[in-house]
Amino acid sequence: MIGRARRHSVLKAPSRAAVDALGPYARTRLSVRALGVSVPLDVPADVFATRAIDEGTLLLLRSLPERAPDSLLDLGCGYGALGLTLATRYRSARALLVDRDLLAVRAAAHNARTLGLDNVEVRPSLGYRDVPKGARFDLVLCNVPARIGARAIAYFLDAGRSLLSSQGELRAVVLRDLREQVEHTGVTGLRLVASGRNHLVYSVSPGATGFALDDESVYARDETRLEIAPGRALQLSRPHDASEDPQHARALRALLDAVPRAPSGTVFCYRCGYGALPLAARSLWPDVAVVSQDRDLLDTAFLRRNARALSLDGPRLRVASAVHPGEALPPSSAALVLGESSASAGEAVFARELLEARELLAPGGEGRVLASEKQLRERKTAISRAGASVLLRREGVCVLRLARPRGA
């Protein structure tokens, strides 16, 4: 066990560089003090642990192997609290940081540049899917998501051991509530190495795995039915850890009911999740091209899985992994924009997404965006600036209308 770890107690404003790199998501600056180093990190909104360094992360930093690693993998790196702290302490170590959330990837890469760490690579990956083939690490680190499901937990632990060097070790921190799930995975060489008030740290030794590193099925949770029109419905597979309101299906139906007519050009869907909106569009208008955007690789993976299962894939469906809607499609390209606003992302993100949705509209195009009644009350300025109006209210949600007149 090396040193101690503690969170910074004061929230600071994000750096100017963070505002440039993270745009409307730039939120605050936190510091990790561990392993004899102090690591300032710019933190975006709408990711894990935005107000303080997570207790599980700090416990894991207090519970590392004694041997300094020559290489390390931080699975689910977030904005870099684990991986960048180790890369700062061990400057000669090769560090690979991966996350399924492209916003987290952007934040971690920004923080690595700000810290001047030339021993760090940050890349997007859904689990171990996009880790370079044949790569081996002395240390694999993982802060296991609380709602990821038992099979994915087994995958993180068992598949991770196959990426270890001969003397390597995987260390994973989990909530205490997940203890039974972890200890029933049957992973060979699993042992408890540290215990905190709310978290546990486990170690796994090197070995072969029964999982394929690119196995996306480990995240599957259940199936849900989405009615897209009277007498027409889609059956969709949902992943664990997908953020979703219990009334989501009703809200989506309200949005689809508000579409004025069959579009004559490209349909763009942003914050597409596991595919409800873009696949509804593909089903309702089979001759129209559909482009969908989301920043979460778990969601886009399940969108593709659902499209294949429903025979709605092919050249008329394009899935774009991007942080912002405007990064997925050129301006003036869409006849119809369908989107969902996020309550957790904050007002600045809400405003940018509305403006980008309007800019993506071709002349004569229209947009429909889901928002909550709370957002409608609190974000009137952003709605007005985007030229949006309230088209429909139903059961606690509203549909905003965007339009671009012909000749505009």
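Just above, that's the structure.
Note that residues are indexed from 1 along each chain, following the sequence as it is written. Reporting in this predicted model follows two pLDDT cut-offs: at least 70 for local features of residues, and 80 or more for side-chain atom pairs to be given and counted; totals over whole chains, interfaces and linings ignore these cut-offs and use all residues. With hydrogens and water excluded, all non-hydrogen atoms of the structure serve as input to the side-chain values.

(A) Focus on unusual backbone geometry. With a phi angle near 60 degrees, Ala-49 is a residue other than glycine that sits in the positive phi range. Relative to the helices and strands, Ala-49 resides in the loop between strand E3 (37-44) and helix H2 (55-61). Accessible area is worked out with a 1.4 Å probe on protein chains only. A residue is then buried under 20% of its type maximum, exposed over 50%, and partly exposed in between. Judged by its relative accessible area of 18%, Ala-49 is buried. One non-glycine residue, Arg-271, lies in positive phi territory at about 55 degrees. Note on conventions: DSSP H or I runs of at least 4 residues are helices, E runs of at least 2 residues are strands, and numbering of each starts at the N terminus. Mapped onto the fold, Arg-271 is located in the loop between strand E13 (267-270) and helix H8 (276-284).

(B) Spotlight on the pattern of salt bridges. The term salt bridge refers to a side-chain nitrogen of Lys or Arg lying within 4 Å of a carboxyl oxygen of Asp or Glu. With the rule as written, the count across this model stands at 28 salt bridges. Notably, a salt bridge pairs Arg-129 with Glu-216, separated by 2.8 Å at the nearest N-O pair. Note that Arg-129 is positioned in the loop between strand E6 (120-124) and strand E7 (137-143) and Glu-216 in the loop between strand E10 (199-204) and strand E11 (220-229), a separation of 87 residues in sequence. Relative accessible area serves as the criterion here: at 17%, Glu-216 is assigned to the buried category. Here Arg-238 ties to Asp-222 by a salt bridge, and the two come within 2.9 Å at their closest N and O atoms. Note that Arg-238 is positioned in strand E12 (residues 232-239) and Asp-222 in strand E11, a separation of 16 residues in sequence. A relative accessible area of 30% places Asp-222 in the partly exposed class.

(C) Molecular detail of the sheet that holds E13. In this analysis, strands are considered paired if DSSP registers two or more bridges between them. A sheet is described by the order of its strands in space; here seven strands give the open sequence E15-E14-E13-E16-E17-E19-E18, paired in mixed fashion. In the strand order of this sheet, the two ends are held by strand E15 (317-321) and strand E18 (389-394), each with one partner. Strand after strand, the sheet turns through a mean of 15 degrees between neighbouring axes, direction not considered. Strand direction decides the pairing type here: E13 and strand E16 (residues 334-340), joined by four bridges, are parallel. Each residue of the ladder has a partner; that of Val-267, found in E16, is Leu-336. Of the strands in this sheet, E13, strand E14 (290-294), E15 and E16 are in contact with H8, which crosses E14 at around 175 degrees. Here an angle of 0 to 180 degrees is reported between the N-to-C directions of two axes, which are lines fitted to C-alpha atoms, with helices fitted over the stretch in contact. Residue contacts are counted whenever heavy atoms from the two residues lie within 4.5 Å of one another.

(D) Summary view of the side chain of Arg-368. For Arg-368, the position within the fold is in strand E17 (residues 361-372). Leaving out residues up to four positions away in the same chain, Arg-368 has contacts with Leu-255, Ala-258, Val-259, Pro-260, Val-337, Leu-338, Gly-339, Leu-391, Val-399, Leu-400, Arg-401 and Leu-402.

(E) Seen up close, the sheet that holds strand E8 (residues 164-175). Read across the open sheet, the seven strands follow the order E6-E5-E4-E7-E8-E10-E9; overall the sheet is mixed. Looking at the sheet topology across the chains shown, the edges are occupied by E6 and strand E9 (191-195). Across this sheet, the average inter-strand angle for adjacent strands is 20 degrees, counted without regard to direction. Against the sheet, helix H4 (residues 102-114) engages strand E5 (94-99) and E6, with an angle of about 165 degrees to E6.

(F) Seen up close, H4. Expected span of a helix, by definition, is 1.5 Å for each gap between consecutive residues, and there is one gap fewer than residues. With 13 residues, H4 should cover 18 Å at 1.5 Å per step; its first-to-last C-alpha distance of 18 Å lies within 8% of that length. Across the 13 residues of H4, ten count as buried, placing the element largely inside the fold. Within H4 the residues assigned to the buried category are Leu-102, Leu-103, Ala-104, Val-105, Ala-107, Ala-108, Ala-109, His-110, Asn-111 and Ala-112. Each polar contact in these results corresponds to two N or O atoms within 3.5 Å; when the atoms are within protein, one needs to be able to donate a hydrogen and the other to accept it, and residues that are neighboring in sequence are counted only if both atoms are side-chain atoms. Residue Asp-101 occupies the N-cap position of H4, its side-chain oxygen lying 2.9 Å from the main-chain nitrogen of Leu-103. Gly-116 occupies a position one or two residues after H4 and carries a positive phi of about 70 degrees.

(G) Local environment of empty space enclosed by the protein. We place a 1 Å grid over just the protein atoms. Points where a 1.4 Å probe fits but has no way out form a cavity, open points with protein on both sides within 12 Å along at least 5 of 7 lines form a pocket, and any residue with an atom within 4 Å of a point lines it. Grid points are joined across faces, edges and corners, and a volume is the space filled by probe spheres set on the points. Using the criterion set out here, one finds two cavities of 30 Å³ or more in the structure. Looking at the largest cavity, its volume works out to about 40 Å³. Gln-247, Arg-250, Ala-251, Ala-254, Arg-394, Glu-395 and Val-397 are the residues that line the largest cavity. Counting residues per element, the lining of the largest cavity draws most heavily on helix H7 (residues 248-257), at three residues. Residue composition of the lining of the largest cavity, by class: three nonpolar, one polar and three charged. Under the scheme applied, nonpolar residues are Ala, Val, Leu, Ile, Met, Phe, Trp, Tyr, Cys and Pro; charged residues are Asp, Glu, Lys and Arg; polar residues are all the others, including Gly.

(H) Examining helix H5 (residues 150-161) more closely. The end-to-end C-alpha distance of H5 is 17 Å, a good match for the 16 Å that twelve residues give at a rise of 1.5 Å each. Counting buried residues in H5 gives ten out of twelve residues, a clear majority hidden from the surface. Those residues of H5 lying buried are Ala-152, Ile-153, Ala-154, Tyr-155, Phe-156, Leu-157, Asp-158, Ala-159, Gly-160 and Arg-161.

(I) Examining the environment of Ala-34 more closely. Turning to its location among the elements, Ala-34 is positioned in strand E2 (residues 26-34). Each C-alpha atom, one on Ala-34 and one on Ala-18, is 23 Å from the other, the two residues being 16 residues apart in sequence.

(J) The arrangement of the packing of H7 against H8 in detail. H8 packs onto H7 with a crossing angle of 40 degrees between their chain directions and a minimal axis gap of 11 Å. Compared by their axis directions, H7 and H8 come out oblique. In the packing of H7 onto H8, the handedness of the crossing is right-handed. For the pair H7 and H8, contact is made by Leu-252, Leu-255 and Leu-256 and by Ala-276, Leu-277, Ala-280 and Leu-284, respectively. Each residue belonging to the contact of H7 with H8 can be placed in one class, and the counts come to seven nonpolar, no polar and no charged. Angular relationships are summarised with four words: roughly parallel below 35 degrees, roughly antiparallel beyond 145, roughly perpendicular across 65 to 115, and oblique for the angles in between. Less than a right angle of anticlockwise turn of the near helix away from the far helix marks a crossing as left-handed, whereas a clockwise turn marks it as right-handed.

(K) Spatial organisation of the environment of Glu-121. Looking at the secondary structure, you find Glu-121 in strand E6. With a relative accessible area of 38%, Glu-121 lands in the partly exposed category. Separated by 135 residues in sequence, Glu-121 and Leu-256 have C-alpha atoms that sit 42 Å apart. Look past the residues within four positions of Glu-121 in its chain and what remains in contact with it is Ala-95, Leu-96 and Leu-97.

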